[in-house]
Structure formats: C-alpha cells, structure tokens
Amino acid sequence: MYKSACLIMVSLFILFGCGGGGGDDSSANHTNKKLNVNMLSNYSSIVDFTHSLTSTNFYYKVTGDGVDLIESVDLTVYSNGSGELFLIYKDYVPLPPGHYSRSLELELCNDQTCQSLSNRIPIDISYDVPFLQVTPKQTEILLNSDELDDNYITLDLDQELIYDFKSKYPNTSIYQKYSAKGSSLHQYDNYISAIAGNKIGVGEHKSQVSVSFCFDFDCLKPVIQPPIVLSITHMVSEIPEVHIEPVTFFEQDMINPVFISSINSIGFASNYPVRNEGMDSSIFLYDIDTGNKHSLSFVNESVFPLDDPGWNKYYSLNFSVSQDHRKALVNFRRGFGIIEIEHGQFLTNNAYRIPIGMPEYGRGNLPPKIINNNIYYSGVEEYGDERSIKNVLKKVALLGNTPEVSILELGQKDIIFGENTPYIYIGGEHSISQYDVSTDTINLITKKEFDIQTELDCLPFDILEEQLILSTCNSIWEFKNGFNNWSLGLDYSIYDEAAALFDSDKVAVTFNRSLFVTNAEMKIFSKNNHNFSEHFKVPRLNNERLVPILLFEDNNQSLMMLASIGDSTYTKDRYVLARVILNL
C-alpha cells in the first residue's frame with residue numbers, strides 16, 4: 001500500500017512518505033545508486049534522482065533489506081524532473097563486526113495503488129560495522145597473598161588487554177564490561193577485586209572474569225562478538241609461626257615502654273598500674289635478668305608537690321630516659337618531671353619539675369627526650385589573631401628557669417630522636433632531614449627530598465642503633481649513605497610498628513593489618529643482603545592475639561618482644577615480655 005503526498009511515515013521495514021511538486025509524464029531508467037556507510041558515524045545521505053511524475057500529489061515507498069539500517073527518510077521532488085531522497089542512518093545496529101551489502105528500492109507513483117508507476121530507483125548500501133580486535137596479554141592471571149592479608153587486590157584488567165581497533169573512525173571509544181564468576185572475586189559495578197587472603201583462607205582459588213565490549217559507557221550499544229574470558233588463580237599461602245618463650249606478664253597498661261640497655265631493663269609509664277583499682281599515674285622499671293620490678297606512684301604528692309592546678313597527677317604520662325640512662329623523664333599536661341635512676345630504682349630525693357606554658361600534645365604524641373642539657377618535645381603554639389594552633393618542635397632547659405622556646409615548625413611531619421646521639425630526624429611532606437642539637441642551636445646536617453608525586457608520604461617511625469630509619473611506607477633509609485633507601489617489600493603501610501636490629505645484621509619488623517582479626521606479623525630483613533627476607537606470623541597466646549609494641553636485643557643477645565594481649569583493657573595479664581626464637 002502506498003501513501004499519499006500528505007502523509008510522512010517511517011517504519012523499520014516499509015517507509016512511506018509524501019512530497020510536493022510536479023514533473024514530466026516520462027519514465028526514466030536508473031542505474032543503482034551506491035552508498036558507503038560506517039556505523040557510529042552519524043551518517044546521512046542524499047540520493048539524487050530523476051522522475052517522470054505526472055500528478056501534483058504523488059506516492060512513494062522504500063523497501064529492501066537495508067531498511068533496518070535507516071532511522072528516517074524524507075523526499076523532495078522538483079518540477080524540472082529531479083528529486084532528492086534524504087536518508088538518516090541509525091548510529092548503532094546490533095550486528096557482529098564486518099562488512100554488509102544491503103539494498104533499498106524507492107518507488108515513485110502517480111496514484112495510491114501504484115497502477116501508474118513513475119520510477120523505480122535501486123540503491124546499494126555498503127555498510128561497515130567497526131571490527132574490534134582485542135588480544136589479552138595473558139588468559140591466566142596469578143595472584144599471590146597470604147593467610148593474614150586483609151587487603152583486597154584490585155584487578156586492573158584493562159592493562160591486560162591489547163587493543164587493535166580497526167575502525168575508519170579513530171575517535172570512536174570502546175568501553176569494557178566485566179563480569180566476575182567465582183567465590184574468590186568481589187564485584188562492585190564494573191570494578192573487580194580479589195577477596196583478601198584472610199577472608200578466603202589458605203589454598204588455590206580459581207575464578208573467571210568475562211570481558212565484553214561496548215560502544216557507549218552504559219553499554220546500550222554492545223559489540224556483538226564473544227567475550228574474552230580470563231582465568232584468575234588466587235594463591236593464598238600459609239605463614240609459619242615464629243616461636244616465642246614468655247618471660248613475664250604485666251597487669252599494668254604500658255605507655256611508651258623503652259629498653260634501657262645500661263641496666264638491661266624495661267622502663268614505662270602507666271595510668272592503670274593495678275587492674276580494676278582506678279586511674280593512677282606511675283612509672284616502672286623491670287629488670288630482665290632478675291625479674292625485679294620497681295615502681296613510683298605520683299599519688300605521693302611529695303614527689304612533685306601539686307601546688308599548680310595545671311599540674312595534675314591524673315594526666316596521662318609519657319616516658320623516656322636520658323641518653324646516659326641516669327634520668328627518667330615524665331610529662332604531665334603542663335610540665336615535665338625529672339627523676340634520677342640508680343641501680344635499677346627511681347631516686348626521688350632530687351626529683352624536680354619543669355613547668356611549661358602550653359599543654360604538651362603535639363604531633364604524633366611524641367615522648368619528650370633529654371638531649372644534653374635540654375628537653376626536646378613536639379608541642380603546639382598559638383598564632384594569628386584567631387589564636388590558631390600549629391605543631392612545632394620545642395625545647396626547654398633541663399636546669400634553671402629558662403622559658404620554653406619553639407625552634408622548628410613541623411606542619412604534618414613526624415620526629416624521632418637518636419638513641420645515643422644528639423640527632424633529631426624529621427620526616428614527612430615528601431622529605432626527611434637530620435638535625436644536630438648538640439649545641440644551643442638546631443643545625444641541619446642533611447635533607448632528602450622525595451618525589452612530590454608519591455602517593456604515600458613517608459613518615460619515620462623508628463631508628464635502629466643510629467644506622468637505619470624505618471618508615472611507614474615500607475622503606476628503610478640508611479642515612480649514613482645519603483639516605484639511600486631500600487624497600488621492605490610489604491606492599492602496604494605498616495601499622496602498630498615495632499622494630500629491632502639484632503645480631504648486627506638482621507632487622508625485625510612487626511606490623512598489624514587488621515586489629516583483633518588476624519595475627520600480627522613479623523618480617524626479618526638483612527641489613528647487608530637486601531634480597532634476604534623471612535616472613536612469620538606472631539602466635540596467639542591462650543587464643544588471644546598478640547600486638548607487639550616493642551622489639552629489642554637485650555644484653556644477652558636475645559631478641560625480645562613486648563606485646564599487648566588481646567583486648568588488654570579486659571584481661572588480667574595485659575602485656576607479655578617474650579623471647580623470640582628464630583631459626584634463620
């Protein structure tokens with residue numbers, strides 16, 4: 001059925017339309033019109049033709065197997081016997097990539113039943129669907145983690161594919177659509193991750209990812225070809241336990257425990273020295289050789305008379321010792337207390353306090369340190385009309401009434417103090433620096449700048465025997481060699497750090513990846529052989545997780561570990577001191 005000139009109709013199979021004008025009563029023979037079309041090109045075509053229409057109102061019909069490529073048609077005829085057929089193509093047709101030959105036929109009629117056929121105009125269409133060739137670099141991907149790893153592994157699968165997009169239109173975009181199948185993979189929208197090792201357990205876990213492709217982001221225009229299938233094997237390895245021998249247990253909470261090598265003892269502060277008996281502020285010395293424990297409680301106000309409201313015995317303490325190990329330093333909210341150490345005991349006869357103006361709660365809760373005749377500490381100071389606060393390195397004289405002074409602005413940097421040298425190491429904000437504070441001024445010795453583009457900002461957390469600095473982004477810096485660094489190879493940041501250098505060459509580092517979920521870990525490195533490493537998990541004690549807070553080599557050349565036990569707030573034995581047995 002043909003439609004009159006007053007009606008325009010578009011159909012996927014038969015397209016009718018109408019137009020205006022007039023022409024001769026002659027019939028014309030037409031050779032096939034040839035059109036070349038590429039999908040996704042938003043093409044349109046104009047087909048010129050001649051006609052012999054005799055009626056003012058005419059009728060036309062478009063048929064053929066090419067109509068499924070057409071979005072719309074329009075027709076114009078002129079009285080001089082010429083005309084134009086306007087074709088607008090679909091920008092997407094769900095066909096497999098390839099070359100297609102299709103045809104159309106335009107029939108022009110003088111009457112509705114087309115008893116008087118004016119012209120039949122054949123049209124050949126050469127239609128190309130872009131050919132997408134994608135070759136995977138590998139069809140089998142191997143992932144490795146261990147039983148304690150709580151990090152999901154993001155799969156960057158696009159990096160595994162090589163594209164050879166054979167299209168006449170290089171601006172055409174291709175989008176990937178991923179589909180995961182298997183219990184070891186997690187999918188969120190179009191992102192796929194391998195589930196953490198501690199979630200799926202030790203063993204070999206196999207999964208698959210299918211990759212299909214689309215010409216648009218929402219995948220409403222899929223590429224009609226089979227998907228690429230990638231096999232994912234996730235190997236989760238078992239970690240051996242390091243052997244420990246408990247030496248003693250502590251019911252006290254521990255604040256800033258330190259190893260005091262001159263007396264082979266541990267010193268620490270405590271705010272809850274006796275379980276379930278309320279808050280107190282005390283300091284302790286524990287002799288590793290004899291097992292003797294000596295404590296000093298600040299409930300006894302005769303040690304530091306509390307005539308200043310800002311000097312309160314119930315404030316949390318920090319604890320450190322001087323470089324000669326003869327003085328203990330504790331700090332309250334607005335001051336420091338100095339107590340002498342002799343024969344493994346605290347001597348209170350000459351104890352004294354040093355008040356400071358502002359509370360000492362600076363960057364990283366750094367314990368203060370006595371270096372020569374000054375106390376160095378991370379504090380804060382006010383600035384500007386609005387009395388904003390900034391982090392600064394401060395010092396106050398150990399003797400006399402000299403007021404505290406700020407000597408260096410810290411920003412977001414962290415500090416560690418040399419154990420037996422007058423050096424301070426400051427790191428963060430893409431640099432690490434070494435300063436000398438042996439005199440009344442602070443002097444920069446050397447500074448190492450890091451790549452400003454680095455995603456992780458390295459912060460120092462420990463220095464080992466004035467040789468190696470350990471950082472939170474898995475590097476060891478050898479500052480004596482121009483801060484040359486080598487990686488710990490952990491692939492994640494270190495948390496709840498403890499480290500020790502033992503037998504003159506080996507470095508032990510412990511870290512926790514998920515608090516109260518998996519065991520803590522210990523990794524052993526060689527100072528001289530950077531290819532050497534051993535990996536262990538710290539065993540549980542009575543099924544309670546141990547979280548190391550201090551590692552050290554004692555005077556008997558034993559590697560010692562001080563660790564909290566489980567959720568130590570509710571356990572009788574809150575901490576354990578244990579000997580670490582390594583068979584390297």
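We now turn to the structure provided with this report. Note that the coordinates shown come from a computational prediction; the quantities given were computed from them, not determined experimentally. (Residues numbered from 1 in each chain as written. Predicted model: local features only at pLDDT ≥ 70, side-chain atom pairs only at ≥ 80, totals over all residues. Heavy atoms only, no water.)

## Thoughts on the sheet that holds strand 22 (residues 293-297)
In a beta sheet, neighbouring strands are held together by backbone hydrogen bonds and run either parallel or antiparallel to one another.
So, point 1. Strand order in the open sheet formed by four strands is 19-20-21-22, and the pairing between neighbours is antiparallel. Edge positions in the sheet fall to strand 19 (255-260) and strand 22, since each has one partner strand and no second. For this sheet, the mean inter-axis angle between neighbouring strands, taken without regard to orientation, is 15°.
So, point 2. Strand direction decides the pairing type here: strand 21 (residues 282-287) and strand 22, joined by five bridges, are antiparallel. Each residue of the ladder has a partner; that of Ile283, found in strand 22, is Leu296. (Pairing = 2+ DSSP bridges. Helix = DSSP H or I, 4+ residues; strand = E, 2+ residues; numbered from the N terminus. Axes fitted to C-alpha atoms, helices over the stretch in contact; angles between N-to-C directions.)

## What about the pairing of strand 34 (residues 443-449)?
So, point 1. Where strand 33 (residues 431-436) meets strand 34, six bridges bridge the pair, whose relative direction is antiparallel. Opposite Asp436, over in strand 34, you have Asn443 as the bridge partner.
So, point 2. Counting the residues that bridge the hairpin from strand 33 to strand 34 gives six residues.

## Brief notes about unusual backbone geometry
Most peptide bonds take the trans form, and the phi angle of most residues other than glycine is negative.
So, point 1. Non-glycine residue Asn256 carries a positive phi angle of around 50°.
So, point 2. Relative to the helices and strands, Asn256 resides in strand 19.
So, point 3. The class of Asn256 is partly exposed, set by a relative accessible area of 22%.
So, point 4. The backbone phi angle of Ser504 is positive, close to 70°, even though this residue is not glycine.
So, point 5. Relative to the helices and strands, Ser504 is located in the loop between strand 39 (498-502) and strand 40 (506-511). (Buried < 20%, exposed > 50% of the residue type's maximum accessible area, 1.4 Å probe, protein only.)

## Points about the side chain of Lys527
So, point 1. Looking at the secondary structure, you find Lys527 in the loop between strand 41 (521-526) and strand 42 (533-537).
So, point 2. For Lys527, the side chain forms a polar contact with the main-chain oxygen of Ser504, separated by 3.3 Å. (Polar contact = N/O pair within 3.5 Å; in protein donor to acceptor, adjacent residues only side chain to side chain.)

## As for the pattern of salt bridges
So, point 1. Per the stated rule, a full pass over the model turns up 11 salt bridges.
So, point 2. Measuring nitrogen to oxygen at the nearest pair gives 3.8 Å for the salt bridge that ties Glu204 to Lys206.
So, point 3. Judged by its relative accessible area of 49%, Glu204 falls in the partly exposed class.
So, point 4. One salt bridge in this structure joins Glu404 and Lys394, with 3.8 Å as the shortest N-O distance. Remark: Lys394 occurs in strand 29 (residues 388-397) and Glu404 occurs in the loop between strand 29 and strand 30 (405-409); sequence separation between them is 10 residues.
So, point 5. Connected through salt bridges with shared partners, the residues Glu105, Glu107 and Arg120 form a single ionic network. (Salt bridge = Lys/Arg side-chain N within 4 Å of Asp/Glu carboxyl O.)

## Things to note about the sheet that holds strand 45 (residues 575-581)
So, point 1. Read from one edge of the open sheet, four strands run 18-45-44-43, paired in antiparallel fashion. Two strands lie at the open edges of the sheet, namely strand 18 (243-250) and strand 43 (546-553), each paired on one side alone. Strand-to-strand twist in this sheet, taken as the mean axis angle between neighbours without regard to direction, amounts to 30°.
So, point 2. Both strand 43 and strand 44 (residues 559-565) contribute to a ladder of seven bridges, which runs antiparallel. Across the sheet, the residue bridging to Val547 is Ser564, located in strand 44.

## Considering the environment of Ile407
So, point 1. Tracing the backbone shows Ile407 in strand 30.
So, point 2. The sequence separation of Ile407 and Val392 amounts to 15 residues, and the corresponding C-alpha distance is 7.3 Å.
So, point 3. Sequence-distant contacts of Ile407, defined by excluding residues within four places in its chain, comprise Tyr376, Leu393, Lys395 and Ile442. (Contact = heavy atoms within 4.5 Å.)

## Describing the state of the cysteines
Two cysteines, two sulfur atoms, one covalent bond between them: this is a disulfide.
So, point 1. Enumeration over the complete set of coordinates arrives at two disulfides.
So, point 2. A sulfur-sulfur separation of 1.7 Å characterises the disulfide bridge that pairs Cys109 with Cys114. Across the S-S bond of Cys109 and Cys114 the torsion is about -65°, and the bridge reads as left-handed. The burial state of Cys109 is the same as that of Cys114; both residues are buried.
So, point 3. With its sulfur 1.6 Å from that of its partner, Cys214 forms a disulfide with Cys219.
So, point 4. Residue classification places Cys214 among the buried residues on the basis of a relative accessible area of 1%. (Disulfide = S-S within 2.5 Å.)

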